[in-house]
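Each chain is listed here by its residues.
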Amino acid sequence: MSSTPAASPALDPARPVAVVTGASSGIGKETARKLLARGWQVIGVGRDPQRSAAAAAELGPELTMLRGDFTLMAEVRRVADEIRSRTERLDVLINNAGGVRDRRIVTAEGTEATFAANHLAPFLLTRELWPLLTATAAARPAGTVRVLAVSSTAHRSSRGLDWDDVQSLGIEHPTVAYCRVKLANILFTRELGRRGAAEGVVAQVMHPGVVASNFATHGDATMQAHMAAADTVSPDEPAETLTWLAADPEGGHTPGRYFHRRAEETPSEIARDDTAAARLWVESETLLAALGFEPAVR
């Protein structure tokens with residue numbers, strides 16, 4: 001699955017760089033397209049080999065496409081290494097990859113797959129790329145370096161995280177696990193925004209709407225029926241919001257906000273719990289350490 005890292009940084013350090021996960025299709029691909037149209041350089045990450053190759057061919061040589069399965073933290077760390085090998089700067093990290101499953105799946109690393117792909121992977125990728133983000137922030141105008149997350153209005157259906165089972169390994173119904181992890185996206189962004197403020201990195205989160213994409217391909221029958229019956233929007237609409245948050249002034253101030261259709265909204269009360277946000281950070285670090293992914297010494 002690995003692509004071969006470049007021997008030295010291949011991207012132009014004079015032009016802005018974005019990393020977009022889930023860039024082989026849907027929202028991620030359209031966001032990459034829009035950033036490329038603005039003159040950005042984009043490193044995309046995709047899981048499926050065929051879709052990744054097709055996206056690279058469609059979007060052209062300004063897109064660097066890497067492949068990785070973000071249910072596995074070893075893959076996340078490898079992708080982070082490849083990103084660092086290609087660029088000396090990183091202006092925006094867009095944690096878009098995710099999805100829902102039709103049942104509880106435990107990965108080869110012992111994690112619950114929905115939690116791993118939707119929360120733990122972006123947490124680890126952000127941590128791995130943090131030195132690159134902060135170094136870029138030190139050399140760029142204030143507020144221009146950003147980390148963006150894609151959550152969902154599904155977070156409103158969650159009653160909160162279970163601190164005795166933060167991964168939802170004991171939950172049989174996949175939709176419950178998904179709603180919890182979308183809550184985790186917002187809590188992570190709030191705490192990242194607080195921590196990043198001193199180092200010049202701004203974090204924001206958005207709800208894309210019900211998007212006509214392959215999002216629910218691995219979902220259960222209920223989820224697929226919901227998606228089939230829903231009044232969906234094209235991936236272009238949330239991609240417009242992500243591009244706006246990445247490149248326009250609004251995304252560069254007052255971190256930790258929640259957006260939909262280029263407008264700030266108020267997430268659920270539980271999603272605004274800063275104590276829970278801080279605890280999720282600690283729980284995530286503890287889990288990664290137990291899996292053998294402690295912060296690298298650089």
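Residues numbered from 1 in each chain as written. Predicted model: local features only at pLDDT ≥ 70, side-chain atom pairs only at ≥ 80, totals over all residues. Heavy atoms only, no water.

Draft legend 1. Region of the structure containing the overall build of the chain. A tally of regular secondary structure across the chain gives eight helices and eight strands. Across the 298 residues in the chain, those meeting the buried criterion constitute 56%. Counting contacts in the chain only where the partners sit at least 6 residues apart, residues at least 24 apart contribute 75% of the total. For the chain, the accessible surface area stands at approximately 12,200 Å², while carbon and sulfur atoms represent 51% of it. (Helix = DSSP H or I, 4+ residues; strand = E, 2+ residues; numbered from the N terminus. Buried < 20%, exposed > 50% of the residue type's maximum accessible area, 1.4 Å probe, protein only. Contact = heavy atoms within 4.5 Å. Areas by Shrake-Rupley, 256 points an atom, 1.4 Å probe, with all protein chains shown as cover.)

Draft legend 2. Representation of the pairing of strand β3 (residues 63–67). Taking burial as the measure, the five residues of β3 include four buried ones, the bulk of the element. As paired strands, strand β2 (residues 41–46) and β3 are joined by five bridges and run parallel to one another. Residue pairing in the sheet places valine 45 in a bridge with leucine 66 of β3. Read as a crossover between parallel neighbours, the route from β2 over helix α2 (residues 49–59) to β3 is right-handed. (Pairing = 2+ DSSP bridges. Right-handed = clockwise from strand over helix to strand, strands pointing away.)

Draft legend 3. Focus on the side chain of aspartate 91. With respect to the helices, strands and loops of the structure, aspartate 91 is situated in the loop between α3 (73–86) and β4 (92–95). With relative accessibility at 4%, the residue aspartate 91 sits in the buried group.

Draft legend 4. Structural view of helix α1 (residues 26–37). For α1, which comprises twelve residues, the first-to-last C-alpha distance of 17 Å matches the rise-based estimate of 16 Å (1.5 Å per residue) to within 8%. Across the twelve residues of α1, ten count as buried, placing the element largely inside the fold. Buried-residue contacts for α1 involve β1 (17–21), β2, α2, β3, β4 and α7 (236–247). Once α1 ends, the next one or two residues include glycine 39, with phi positive near 90 degrees. (Expected span 1.5 Å × (residues − 1).)

Draft legend 5. Quick peek at the nonpolar core. Among the nonpolar cores identified, the biggest contains 54 residues, and Met73, Ile83 and Leu125 are the most heavily contacted of them. Counting residues per element, the ones that place at least two in this core are β1, β2, α3, α4 (113–139), β5 (145–150), α5 (174–196), β6 (201–206) and α8 (274–290). With twelve residues, α4 is the largest single contributor of residues to this core. Ignoring sequence-local partners within four residues, the contact set of leucine 125 consists of Thr21, Phe70, Val76, Ala80, Ile83, Leu93 and Asn95. (Core = buried A, V, L, I, M, F, W, Y, C linked by side-chain atoms within 4.5 Å.)

Draft legend 6. Spotlight on the environment of threonine 286. Along the chain, threonine 286 falls in helix α8. Engagement of the side chain of threonine 286 in a polar contact is seen with the backbone oxygen of valine 282, the distance being 2.9 Å. (Polar contact = N/O pair within 3.5 Å; in protein donor to acceptor, adjacent residues only side chain to side chain.)

Draft legend 7. Up close: α5. In this model, α5 (23 residues) spans 32 Å end to end at C-alpha, consistent with the 33 Å of a helix rising 1.5 Å per residue. The element α5 is extensively covered by neighbouring structure, given that 18 of its 23 residues are classed as buried.

Draft legend 8. Representation of the pattern of salt bridges in the model. Following the criterion strictly, the structure yields 25 salt bridges and no others. When the shortest N-O distance is used, the salt bridge between glutamate 62 and arginine 15 registers 3.2 Å. Taken together, the residues glutamate 62 in the loop between α2 and β3 and arginine 15 in the segment before β1 connect sequence positions 47 residues apart. Glutamate 237 is paired through a salt bridge with arginine 261; the nearest N and O atoms lie 2.8 Å apart. Placement of glutamate 237 in helix α7 and of arginine 261 in the loop between β7 (258–260) and β8 (263–265) is noted, with a sequence separation of 24 residues between them. Residue class for glutamate 237 comes out partly exposed when judged on its relative accessible area of 27%. Each of Lys29, Glu30, Arg33 and Glu58 takes part in one network of salt bridges that share partners. (Salt bridge = Lys/Arg side-chain N within 4 Å of Asp/Glu carboxyl O.)

Draft legend 9. Highlighting the sheet that holds β2. One open sheet accounts for eight strands, arranged β3-β2-β1-β4-β5-β6-β7-β8; its pairing is mixed. Across the chains shown, the open sheet's two edge strands, defined by having one partner strand only, are β3 and β8. Each strand axis lies, on average, 25 degrees off the axis of its neighbour in the sheet, ignoring direction. Looking at chain direction, β1 and β4 are connected through three bridges and run parallel. (Axes fitted to C-alpha atoms, helices over the stretch in contact; angles between N-to-C directions.)

Draft legend 10. Just the confidence of the model for the chain, in detail. Across the chain, the average pLDDT comes to 91, with 89% of residues at or above 70. Under a pLDDT of 50 for its full length, residues 1–8 has, in the predicted model, 19 contacts with residues more than four places off or in other chains. (pLDDT = per-residue confidence, 0-100.)

Draft legend 11. Focus on the packing of aromatic side chains. Taken as a whole and assessed by the stated rule, the structure comprises four aromatic pairs. With 5.7 Å between their ring centres and 40 degrees between their planes, phenylalanine 188 and tryptophan 281 make a pair best called tilted. With phenylalanine 188 in helix α5 and tryptophan 281 in helix α8, this pair connects stretches of sequence that are 93 residues apart. On the numbers, 5.7 Å between centres and 80 degrees between planes, the contact of tryptophan 244 with phenylalanine 259 is edge-to-face. On the criterion of sequence distance, the pair formed by tryptophan 244 in helix α7 and phenylalanine 259 in strand β7 is long-range, its members being 15 residues apart. Tryptophan 244 gets classed as buried once you look at its relative accessible area, which sits at 10%. Here phenylalanine 259 falls in the buried class, since its relative accessible area comes to 1%. Feature note: the residues Phe123, Phe188 and Trp281 constitute an aromatic cluster, connected by ring pairs. (Phe/Tyr/Trp six-rings, centres within 6.5 Å; stacked < 30°, edge-to-face > 60°.)

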